[in-house]
Amino acid sequence: MHFIMKSILFSVLIFSLTIGVTIAQNLNVLSEDAIANLKTIRVVDTEFSKGRLGHEQEIELADLVKLHGHLCDGLVVGWRALEKGMHALYADEPVDRTNTRLISKPSPCLADAGMYISGGRTAFGSFEVRNDFDGLYLIQRIDTQEAVSVSLNEGVKPAIIDEMGSQAVNQELNPCDLQKLRALEDDFSNYLLEEDSNFFTVKHLPLKWT
Ligand SMILES: [Zn+2]
């Protein structure tokens with residue numbers, strides 16, 4: 001085989017392996033069942049800055065992990081909640097990121113997930129972080145004004161995670177307990193992804209965007 005051809009093939013192989021390793025590292029706390037159950041969220045944007053709507057993409061949980069910095073239970077809660085909320089607004093159509101605005105509860109994990117999937121931007125008035133509503137997110141279609149709230153059902157998240165989480169923030173956990181907390185959070189992420197139970201409640205509601 002020609003030397004240049006060999007070099008190209010070798011580079012492609014190394015590139016593919018690198019991508020494989022990155023994806024594996026991003027999701028390495030997930031069980032086989034959770035990974036097998038992962039779905040994508042279809043979104044649509046304009047083709048260029050002044051273009052028409054029509055550029056469709058499939059977003060994976062691994063993409064969100066790159067934005068957020070790590071896989072965590074908060075990100076998985078956000079991902080699953082957004083799957084439900086966006087389905088209620090767009091059914092089987094892709095999420096129109098030029099036509100969606102979102103309010104998130106003040107959690108960096110929820111906010112990153114919400115911003116990424118909705119395309120909402122604080123600077124342009126289509127994304128907010130607030131604490132004065134029930135649930136995790138309020139999501140609205142701009143064209144129809146239709147809005148939903150998405151909440152995590154009571155009892156789904158083990159209370160110990162929030163208890164230990166507060167202790168961790170106050171630097172009251174030793175390294176061993178921190179590891180325990182991480183394991184609990186990873187178990188919770190897998191629980192949310194392994195099956196499609198009724199973990200969330202989606203409610204249609206009037207929303208006046210101010
Ligand atoms: Zn996080």
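S.K.: Can you help me understand the pairing of strand β1 (residues 41-46) in this one?
M.R.: Regular strands place their side chains on alternate faces of the sheet. In this structure, β1 lies alongside strand β2 (residues 53-59), joined through six bridges in antiparallel fashion. Following the sheet pairing, I41 is matched in β2 by I59. The loop that links β1 with its antiparallel partner β2 comprises six residues. Sheet topology note: the β1/strand β3 (residues 95-96) ladder contains two bridges and is parallel. Pairing of V44 across the sheet is with D96, part of β3.

S.K.: In this structure, what is going on with the nonpolar core? I would like to understand it.
M.R.: Side chains of nonpolar character tend, in soluble globular proteins, to be buried together. Within the largest apolar cluster, 37 residues are counted, with the highest numbers of intra-cluster contacts made by L75, A113, I117 and Y137. Listed by contribution, the elements that provide at least two residues to this core are β1, α3 (61-68), α4 (73-90), β4 (100-104), α5 (108-118), β6 (137-141), β7 (147-152) and α7 (175-194). The element contributing the most residues to this core is α4, with nine residues. Excluding its chain neighbours within four sequence positions, the residues that come into contact with A113 are L64, L75, G78, W79 and L82.

S.K.: Could you clarify how one ought to interpret the packing of α3 against α5 in this entry?
M.R.: The relative placement of two packed helices comes down to the angle between their axes together with the axis-to-axis distance. The contact between α3 and α5 brings their axes to 10 Å, and the two run at 120 degrees. Considered as vectors, α3 and α5 are oriented oblique to each other. Of the two possible hands of crossing, α3 and α5 adopt the one that is right-handed. Contact with α3, carried on its side by L64, L67 and H68, involves C109, D112, A113 and Y116 of α5 and no other residues of that element. Along the lines of polarity and charge, the residues of the contact of α3 with α5 split into five nonpolar, one polar and one charged.

What counts and what doesn't
Residues numbered from 1 in each chain as written. Predicted model: local features only at pLDDT ≥ 70, side-chain atom pairs only at ≥ 80, totals over all residues. Pairing = 2+ DSSP bridges. Helix = DSSP H or I, 4+ residues; strand = E, 2+ residues; numbered from the N terminus. Core = buried A, V, L, I, M, F, W, Y, C linked by C-beta atoms within 7 Å. Buried ≥ 20, exposed ≤ 12 C-beta atoms within 10 Å, placed from the backbone. Contact = placed C-beta atoms within 7 Å. Axes fitted to C-alpha atoms, helices over the stretch in contact; angles between N-to-C directions. Parallel < 35°, antiparallel > 145°, perpendicular 65-115°, else oblique. Left-handed = near helix turned anticlockwise from the far one by under 90°. Nonpolar A, V, L, I, M, F, W, Y, C, P; charged D, E, K, R; others polar.

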